[in-house]
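# Secondary and tertiary structure notes
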Amino acid sequence: MGSHGQGLVLGCCLLLAFTCGPVLGHVPGDQQEQEEGQELLPPLDHDKRNEEKHEKYSPSPGEEPPASRCFRCCDPGTPVYQAIPAPQINITILKGEKGDRGDRGLQGKYGKTGSVGARGHVGPKGQKGSVGAPGDRCKNHYAAFSVGRKKPLHSSDYYQTVVFDTEFVNLYGHFNMFTGRFYCYVPGIYFFSLNVHTWNQKETYLHIMRNAEEVVILYAQVSDRSIMQSQSLMLQLREQDEVWVRLFKGERENAIFSDEFDTYVTFSGYLVKHASEP
């Protein structure tokens, strides 16, 4: 029990003693004188003492008992005394101070998930938002060319670069008409196509070159008739790579045919996918 509980019990005991003490300790005056007189009389034997006691406490018929006398509960005509009310204690004056807050209890178990409620009404339309920051400029990469040749070309004692004299498409000038070479300024994957007209009774022997490397060959055997022959491929190019067409040297007589009225030889290429794209 704490200090607050002991103080509460002690206060109740003191209040009861203060309230009931005078009542329990009150003795009537006549009874006190009789007790003092009895102390002066000589002692009597047991039988006489009982008779005197019976005569003293038993009233005669028709007499009223003295107010200060004590009565036994079995005697006839015993007066009824007024009951003393029990003392009332105001508990509120003994209330202690408020205690400290206890520790937090453990979290209870989660309840079952409830059913989904009905869909609410559509709310009002909000206000128009502010204009966002300008985005980055769209970065598109393009590269393309398509050129032709109107003059025939015969083999000689050394390799020859096929130079073109007709320009169909030359985006950003990446194909040099004077050197006959495409210069890569946009790295990525390219598609190339070469079309030639063979010369009857002569062999056709050309290479599509990447820098100094022979990549693919365009070849046609000797025939009584001239035909159109083509070759195409895709190449992965890095910046500053060069792509061009080379005619084989004269140890094997070969040639390509064309004239000033029609274009029989064409060379084309374009970017398929930029190197930075995923």
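Residues numbered from 1 in each chain as written. Predicted model: local features only at pLDDT ≥ 70, side-chain atom pairs only at ≥ 80, totals over all residues. Heavy atoms only, no water.

For the record, the criterion: UniProt positions are given in the numbering used here, feature names are shortened, and annotations may be inferred rather than shown by experiment.
As annotated in an unreviewed UniProt entry, the chain is Complement C1q tumor necrosis factor-related protein 1 from Sciurus carolinensis. UniProt, in its Subcellular location (unreviewed entry) section for the chain, records the words "Secreted".

### Notes on the side chain of H274
Rule in force here: Counting from the N terminus, the helices are DSSP H or I runs at least four residues long and the strands are E runs at least two residues long. Any pair of N or O atoms that falls within 3.5 Å is considered a polar contact. Within protein, one atom must be able to donate a hydrogen and the other to accept it, and sequence-neighbouring residues count only if both atoms are side-chain atoms. Whether two residues are in contact is decided by their heavy atoms, any of which lying within 4.5 Å being enough.
Summarising the element assignment, H274 is placed in strand β13 (residues 265-274). Of note is the side chain of H274, whose polar atom sits 2.6 Å from the side chain of S276. H274 has contacts with H141, V186, P187 and G188, leaving out every residue within four places of it along the chain.

### Observations concerning the sheet that holds strand β1 (residues 144-149)
Applied cut-off: Two strands are counted as paired when DSSP detects at least two bridges linking them. Fitting a line to C-alpha atoms yields each axis, with helices limited to the stretch in contact; the angle taken between N-to-C directions then spans 0 to 180 degrees.
Strand order in the open sheet made by the 5 strands is β4-β1-β13-β7-β10, with antiparallel pairing throughout. Each end of this open sheet is capped by a strand with a single partner; those strands are β4 (166-170) and β10 (228-237). Going from strand to strand, the sheet's axes swing by 10° on average, the running direction of each strand aside.

### Details of the side chain of N254
Worth spelling out the cut-off: Three exposure classes are used, based on accessible area relative to the maximum for each residue type with a 1.4 Å probe and protein chains only: buried under 20%, partly exposed in between, and exposed over 50%.
On the secondary structure map, N254 appears in the loop between β11 (242-247) and β12 (255-256). Judged by relative accessible area, which is 1%, N254 ranks as buried. At 3.5 Å, the side chain of N254 forms a polar contact with the backbone oxygen of F248. In contact with N254, not counting residues within four places along its chain, are H154, S155, E203, T204, Y205, L247, F248 and K249.

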